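Notes for the structure review
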Amino acid sequence: DTPMKAWALGLLAADGSISKAGQLKLELHRKDLEIVKAVRDELAPDARISFYKTRTTPMARFMVANPQLIADLAGHSVVNKKSLITTWPEQLPAHLENSYVCGYFDGDGSLGTKPLLRWAITSGTLTFLYALQEHIHTHTGLTVGGPYRDKRHDSAWSIISTGEPVRVLD
């Protein structure tokens, strides 16, 4: 019901997870600690942020077990093992769609500048990317290319814009 919550929802759709035990987890590189804090502060201010290291990467994580929050997120397609079944959150009010897209971009998007401006979002779900393209077109008038198979992952696709339209998307 707020732009910040819509942004957090988009980020969680991209990078969050729901455990089998019903816990919301957001685990990001420690350099993104401010993002972890922002989502935690919005959704579960009392949740503890913990730090750990994978073999090569320092990580920051917060987890929360709140059945109502988990149910609310499920109503917006944030569920256990969501990567290949993500859907556009149809209940999201139109005035919050841009915030949602920004959050999703912050999770699974990229912006490059060489050799030219390049904006991309990756997902494991084609229907989600088609819906994302439609919503971007509705709000900006831009047609984003793709989806294109993402060669870095077996089951991932990307939508991409290059050149001056990237400034409009941004």
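Provided above is the structure to which this section pertains.
Cut-offs and rules
- Residues numbered from 1 in each chain as written.
- Predicted model: local features only at pLDDT ≥ 70, side-chain atom pairs only at ≥ 80, totals over all residues.
- Heavy atoms only, no water.
- Helix = DSSP H or I, 4+ residues; strand = E, 2+ residues; numbered from the N terminus.
- Buried < 20%, exposed > 50% of the residue type's maximum accessible area, 1.4 Å probe, protein only.
- Contact = heavy atoms within 4.5 Å.
- Salt bridge = Lys/Arg side-chain N within 4 Å of Asp/Glu carboxyl O.

In terms of helices and strands, the protein chain carries six helices and eight strands. In the protein chain, the succession of α and β elements from N to C terminus is α-β-β-α-β-β-α-α-β-β-α-β-β-α. Sorting the 170 residues of the protein chain into buried and exposed places 45% on the buried side. A separation of at least 24 residues holds for 59% of the contacts in the protein chain among residues at least 6 apart in sequence.

What follows is about the pattern of salt bridges. The final tally for this structure, using the stated rule, is eight salt bridges. Note that Glu27 and Lys25 form a salt bridge whose closest N and O atoms lie 4.0 Å from each other. You can call Lys25 partly exposed: its relative accessible area is 21%. For Arg61, the salt bridge is made with Glu27, and the minimal N-O distance between the two is 3.1 Å. Highlighted residues: Arg61 in strand β4 (residues 58–64) and Glu27 in strand β2 (residues 24–29), separated in sequence by 34 residues. Here the residues in one salt-bridge network are Lys25, Glu27 and Arg61, joined through shared partners.

Interpretation in functional terms is not warranted from these geometric data alone.
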